[in-house]
Amino acid sequence: MQVETDEPEIIERIAALDISKAEVVCCARVPGPRGQRMQEVRTVSTMTAALLALGDWLASLGVTRVVMEATSDYWRPPFYLLEDRFETWLVNAKDVKHLPGRPKTDRLDAVWLCKVAERQVLRPSFVPPPAIRQLRDLTRYRVDLLAARTAEKQRVDKLLEDALIKLAVVVSDPFGASGRAIMAALIAGERDPAVLADLARGSLRSKTARLTEALTGRFTEHHAFLLTQMLRRVDAITADIATVQDRIDAQLGELAPAVARLDAIPGVGPVAAQMILAEIGTDMTRFPTPAHLASWARFAPGVNESAGRKTGKAGTGVGNRYLARILGEAAVSAARTDTFLGERYRRIARRRGKKRAIVAVGRSILVIIWALLSDEEARFVDLGPDYYASRANPERKVRQHVRELQALGYSVTLNPAA
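The structure presented is a predicted model; accordingly, all values stated were derived computationally and were not measured.

Participant: Kindly report on the overall build of the chain, identifying the contributing residues and their values.
Facilitator: Summing up its helical and strand segments, the chain has 17 helices and seven strands in all. Its C-alpha atoms give the chain a radius of gyration of 29 Å, clearly above 22 Å, the size a compact globule of 418 residues would have. The dimensions of the chain, computed from C-alpha atoms along their principal axes, are 95 × 85 × 50 Å. A burial count over the chain gives 38% of its 418 residues as buried. Sequence-distant contacts, at least 24 apart, represent 62% of the contacts inside the chain between residues at least 6 apart. As presented, the chain carries roughly 24,400 Å² of accessible surface, and 53% of it is formed by carbon and sulfur atoms. Measuring between centres, the 61 positive side-chain charges of the chain sit 6 Å from its 49 negative side-chain charges.

Structure, rendered in structure tokens:
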């Protein structure tokens with residue numbers, strides 16, 4: 001037998017919120033006479049004054065914890081107004097499934113959430129402090145702007161294809177200096193393929209013949225009008241990205257040293273470090289071990305077992321898509337380096353495939369990040385690409401080879417008697 005260290009079973013004074021866009025249904029449960037439980041349900045507006053009055057009512061009841069579901073973005077106003085007055089929990093809606101066999105209304109949902117929460121069978125979701133939330137808003141908006149610019153560039157490529165202009169076939173980046181000069185000339189009315197090809201710069205001038213062939217098409221005034229609007233939109237979004245990035249740099253403040261430490265990790269640049277900090281914060285006490293952080297980020301395989309047999313495909317599940325994206329990009333970048341992470345990627349990719357290697361290296365990056373943020377004095381030291389070779393055990397390889405031969409039906413023994 002072992003001592004169980006779980007928290008007390010019942011939270012004496014607790015409230016739960018069922019949130020929609022226009023109103024909040026609040027259920028509060030407090031101790032009653034003779035060990036009974038008393039509850040009251042109120043419906044209030046989501047306007048600021050009504051939510052502040054709701055907080056006053058909960059405070060008068062002595063409520064210590066307020067629990068709410070993560071419903072779209074509607075949870076933000078109640079959470080922001082109550083987090084300074086109560087222990088406020090945001091819980092995943094998947095953890096509070098609808099109880100089969102009972103009617104479903106907002107009132108019943110609030111009561112059910114309150115009953116489940118008071119018995120402590122829920123876990124709070126990670127909600128960063130206000131400073132990190134602001135940085136997260138900026139970094140996520142920057143990602144969205146990049147996606148919008150990419151979509152606009154794809155429209156340009158489709159428009160040129162419609163005009164029989166095969167610029168992207170010859171030019172690796174149609175939006176580079178040569179590509180933009182050629183498109184500007186097309187808009188200005190130039191249609192001679194040889195003149196357009198002569199606008200190429202740098203190494204692209206060696207492809208003048210192919211470029212002339214690619215620029216032979218039927219570019220009309222209709223295409224010129226659309227291309228003008230699209231390029232104007234691309235330039236506007238590019239300027240917006242630069243403005244947002246300047247705001248991010250100014251917003252870092254005390255996070256600048258942490259960004260510098262994470263920048264030392266192979267594959268993680270300053271922008272990637274900013275995005276990672278915006279998603280996980282700097283307080284690693286929220287994640288007791290690196291495994292907790294990897295599990296929260298869904299960079300750890302799921303463990304499913306039934307009747308002694310493992311089930312499923314050990315997938316990582318769906319986590320924070322912004323964090324997963326930047327970790328995946330960092331893992332791919334690290335794979336091109338002559339470092340420990342690069343060698344780890346190559347070893348796993350040979351045996352398990354590139355996708356599993358990206359997840360494994362992403363998890364390794366998370367472990368390194370946890371160590372760097374847990375100790376301000378910690379600094380990244382690369383183990384080197386020969387780390388695995390220096391730890392190789394020749395006898396282990398022999399035993400593995402013997403097992404492979406035995407699996408094929410050969411009778412082989414290790415160290416046979418003389």
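Participant: Please set out the pattern of salt bridges residue by residue, giving values where relevant.
Facilitator: Within the structure shown, the criterion is met by 17 salt bridges. Ionic pairing is found between Glu40 and Arg42, a salt bridge with its closest N-O pair at 3.0 Å. Residue Arg42 is classed as partly exposed on the basis of its relative accessible area of 34%. A salt bridge links Arg76 to Asp73; the shortest N-O distance between them is 3.2 Å. According to the relative accessible area criterion, Arg76 is partly exposed, its value standing at 26%. Linked by salt bridges that have partners in common, Arg29, Arg37, Glu118 and Arg119 make up one network.

Participant: Could you give an account of helix H3 (residues 106–118), with specific residues and numbers?
Facilitator: In a regular helix each residue adds 1.5 Å, so 13 residues correspond to 18 Å; H3 covers 18 Å between its end C-alpha atoms and thus fits that length. Those residues of H3 lying buried are Asp109, Ala110, Val111, Leu113, Cys114, Val116, Ala117 and Glu118. Directly after H3, the chain includes Gln120, whose backbone phi takes a positive value near 60°.

Participant: Quick one: what's the story with the packing of aromatic side chains, residue by residue and with numbers?
Facilitator: One pair of aromatic rings is described through two measures. These are the centre distance and the angle between the planes. Under the definition given, this model contains six aromatic pairs. With a centroid separation of 6.4 Å and 80° between ring planes, the pair formed by Phe79 and Tyr80 is classed as edge-to-face. A residue is classified by how much of its surface remains accessible, and Phe79, at 5% relative accessible area, is buried. Plain terms: the ring middles of Phe287 and Trp296 are 5.5 Å apart, the flat faces sit at 50° to each other, and that makes the pair tilted. Relative accessible area serves as the criterion here: at 3%, Phe287 is assigned to the buried category. Taken together, Trp75, Phe79 and Tyr80 form an aromatic cluster joined through their ring pairs.

Participant: Any chance you could break down the layout of surface pockets for me, citing the residues and the numbers?
Facilitator: Roughly 1,300 Å³ of internal volume is contained in the largest pocket. As for the largest pocket, its lining consists of 32 residues, and the residues nearest its centre are Asn92, Ser125, Phe126, Trp296 and Arg298. Taken together, the elements giving at least two residues each to the lining of the largest pocket come down to helix H4 (130–162), helix H12 (290–296) and helix H13 (321–335). If you tally residues by element for the lining of the largest pocket, the top one is H4, at four residues.

Participant: I'd like to hear about the nonpolar core, residue by residue, with values.
Facilitator: Of all hydrophobic cores here, the largest spans 52 residues; its most connected members are Ile265, Val268, Ile276, Ile280, Leu341, Ile365 and Ile369. Only H4, helix H9 (221–252), helix H10 (256–263), helix H11 (270–280), H13, helix H14 (340–352) and helix H15 (354–374) provide two or more residues apiece to this core. Apart from residues no more than four positions distant in its own chain, Ile369 is found in contact with Leu262, Ile265, Ile276 and Ile280. Counting 26 residues, the second largest nonpolar core, distinct from the first, contains Ile182, Leu186, Leu196 and Phe219.

Participant: Account for a positive patch on the surface, with residues named and values stated.
Facilitator: On the surface, Arg347, Arg350, Arg351, Arg352, Arg356, Arg396, Lys397 and Arg403 cluster together into a patch of positive charge. Elements with a contribution of two residues or more to the positive patch: H14 and helix H17 (394–407). Per-element tally for the positive patch: the top contributor is H14, with four residues. In this fold, Arg403 is placed in helix H17.

Participant: Please provide a residue-by-residue account of unusual backbone geometry, values included.
Facilitator: A positive phi angle, close to 65°, is found at Leu164, a residue other than glycine. Since its relative accessible area comes to 43%, Leu164 is described here as partly exposed. One non-glycine residue, Arg298, lies in the positive phi region at around 60°. As for its position among the elements, Arg298 is in the loop between H12 and strand S6 (305–306). Taking relative accessible area as the criterion, Arg298 reaches 37% and is therefore assigned partly exposed.

Participant: Tell me about the sheet that holds strand S1 (residues 14–19), and please be specific about residues and values.
Facilitator: Strand order in this open sheet of five strands is S3-S2-S1-S4-S5, and the pairing throughout is mixed. In this open sheet, the two strands that pair with only one neighbour each are strand S3 (37–45) and strand S5 (87–91). With strand direction ignored, the average angle separating the axes of adjacent strands in the sheet is 20°. Of the pairings in the sheet, the one linking strand S4 (residues 65–69) to S5 comprises five bridges and is parallel in character. Each bridged residue has a counterpart across the sheet, and for Val67 the counterpart in S5 is Trp89. Running at roughly 5° to strand S2 (residues 23–31), helix H1 (residues 48–60) makes contact with S1, S2, S3 and S4 of the sheet.

Parameters and conventions
- Residues numbered from 1 in each chain as written.
- Predicted model: local features only at pLDDT ≥ 70, side-chain atom pairs only at ≥ 80, totals over all residues.
- Heavy atoms only, no water.
- Helix = DSSP H or I, 4+ residues; strand = E, 2+ residues; numbered from the N terminus.
- Rg over C-alpha atoms; globule rule 2.2 N^0.38 Å.
- Buried < 20%, exposed > 50% of the residue type's maximum accessible area, 1.4 Å probe, protein only.
- Contact = heavy atoms within 4.5 Å.
- Areas by Shrake-Rupley, 256 points an atom, 1.4 Å probe, with all protein chains shown as cover.
- Lys, Arg positive; Asp, Glu negative; His and termini not counted.
- Charge placed at Lys NZ, Arg CZ, Asp CG, Glu CD.
- Salt bridge = Lys/Arg side-chain N within 4 Å of Asp/Glu carboxyl O.
- Expected span 1.5 Å × (residues − 1).
- Phe/Tyr/Trp six-rings, centres within 6.5 Å; stacked < 30°, edge-to-face > 60°.
- 1 Å grid on protein atoms, 1.4 Å probe; cavity = no way out; pocket = protein on both sides within 12 Å on 5 of 7 lines; lining within 4 Å.
- Points joined across faces, edges and corners; volume = space filled by probe spheres on them.
- Core = buried A, V, L, I, M, F, W, Y, C linked by side-chain atoms within 4.5 Å.
- Patch = residues over 30% accessible without salt bridge, like charges linked within 9 Å, V, L, I, M, F, W, Y side chains within 5 Å.
- Pairing = 2+ DSSP bridges.
- Axes fitted to C-alpha atoms, helices over the stretch in contact; angles between N-to-C directions.

Note that every value here comes from positions in space, so none of it alone points to a role or purpose.
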